[in-house]
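Fold and geometry: a report
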Amino acid sequence: MIVAVVVAREDRESQWLKGVLDLAVLAALVREGSAYGYGLLRSLAEAGLTGLKGGTLYPLLGRLEDDGLVRSEWVTGSSGPPRRYFFVTAAGRAELEAGRAGWGAFAARMSTALEG
Amino acid sequence: MTGRGDGIRPRPDAAAAYGAMLAEQLRQGGLAEPRVRVVVADLLDHVRTTGEDPVQAFGQPADYARAWVRPLSRWRVLGRAVATAVGAVGMFAAVTAFFRGGSWSARMSVTIGDLVVLAVFALGAGVLPWTLELWLGHRAARRVGRRPRVPDVVIRAGVMLLVLGLLFTVFTAFDPEVWEPVVLGPPRPVVFVVGMVVAAVLSMVRQPRSPALPRLPGTPERWWERTPGRPGRRRR
């Protein structure tokens, strides 16, 4: 019974995260300036979003790039193959600002709705 | 900028094998080759950096591919199987017409036996790759790190034996005279030209198995590597 409750709670948090993960990624990119995939995962983990996998992050970055919110560049280092770095575009910053405002308003409404 | 991750490094050949399987699934789904290179390069870079097991970080290749492309529908599989079969028949007809001795102005005699052989060839060239091979590819891409209960080679051998057994049964069930009547007499140049034109269909159909690891992003694509596919827009 306890296990079921814990799993249900994790599912709920997972659903919440799905709706705002793109904003968290944009915010992490703004914080970092630019980052490659693993760097972004670390930045997100430092912000409290632990447990994210590469299998979730890269398709999301691909969608953000398709939408023009993120751009990427291949950077060749001193050793090893080139690595892709991601940057936030102006449209991405605008989307983040709008998302922050929307999230703030939504969180306030939910807090009110959830009060006993 | 963040540094390199810690952890046990996966075997490079294991990451490459995973990348090749992922590339095959993405190509099957119609993702354009430049985009396939980017997706696989991101994966390999991530695995190299973090030392994570690719299956733990990305899931099985078939599942991860679904984040980028829709799986092939039955109708698309059927369409590609038919196109492959038609193209293979065209190539077979063109080669037969070219190497047939005698005058080019003569007509070719096509018997019932020839048509049956052609039908079997079409089935073998079009249906087996888009059924058996497609399934074997999916099976492998869902079982990375796990040994299959029945190896691919055993399944292939079993299917080949079944097909050969069916053919033997069909050909021995009838009197040899049944196969001899001539049913068509097309001019040889027409068979050659039409066969060549129809064979060109093959160049427009992606083949079901293409497990090669893509080259690094940014490297120019050679003309023979260009395969039809969507330019890279993915499912949402």
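Note: the structure precedes this text.
Our subject in this report is the structure included herewith. (Residues numbered from 1 in each chain as written. Chains lettered and ligands numbered in written order. Predicted model: local features only at pLDDT ≥ 70, side-chain atom pairs only at ≥ 80, totals over all residues. Heavy atoms only, no water.)

1. Quick look at the side chain of B:Arg80
Residue and element names in this part refer to chain B. Tracing the backbone shows Arg80 in helix α5 (residues 74-99). No salt bridge is formed by the buried Arg80, whose closest oppositely charged neighbour, Glu33, lies at an N-O distance of 12 Å. Sequence-distant contacts of Arg80, defined by excluding residues within four places in its chain, comprise Gln28, Leu72, Trp130, Val205 and Arg206. (Helix = DSSP H or I, 4+ residues; strand = E, 2+ residues; numbered from the N terminus. Buried < 20%, exposed > 50% of the residue type's maximum accessible area, 1.4 Å probe, protein only. Lys, Arg positive; Asp, Glu negative; His and termini not counted. Salt bridge = Lys/Arg side-chain N within 4 Å of Asp/Glu carboxyl O. Contact = heavy atoms within 4.5 Å.)

2. Thoughts on empty space enclosed by the protein
Summed over all chains, the structure comprises 1 cavity of 30 Å³ or more. The space that makes up the largest cavity amounts to roughly 40 Å³. For the lining of the largest cavity, the elements supplying multiple residues, two or more each, are β2 (83-88) of chain A together with α2 (33-50) of chain B. Examining the composition of the lining of the largest cavity, we find that 3 residues originate from one element, β2(A), more than from any other. For the lining of the largest cavity, a count of residues per class yields 3 nonpolar, 1 polar and 4 charged. (1 Å grid on protein atoms, 1.4 Å probe; cavity = no way out; pocket = protein on both sides within 12 Å on 5 of 7 lines; lining within 4 Å. Points joined across faces, edges and corners; volume = space filled by probe spheres on them. Nonpolar A, V, L, I, M, F, W, Y, C, P; charged D, E, K, R; others polar.)

3. Topic: the packing of α5(B) against helix α8 (residues 188-199) of chain B
All names here are of chain B. Two numbers describe how α5 lies on α8: the axes approach to 7 Å, and their chain directions differ by 145°. The chirality of how α5 crosses α8 is left-handed. Across the interface between the two elements, Val86, Gly87, Gly90, Met91, Ala93, Ala94, Ala97 and Phe98 of α5 pack against Arg188, Val191, Phe192, Gly195, Met196, Val198 and Ala199 of α8. Among the residues forming the contact of α5 with α8, the class breakdown is 11 nonpolar, 3 polar and 1 charged. (Axes fitted to C-alpha atoms, helices over the stretch in contact; angles between N-to-C directions. Left-handed = near helix turned anticlockwise from the far one by under 90°.)

Interpretation note: all reported values are geometric properties and have no functional meaning in isolation.
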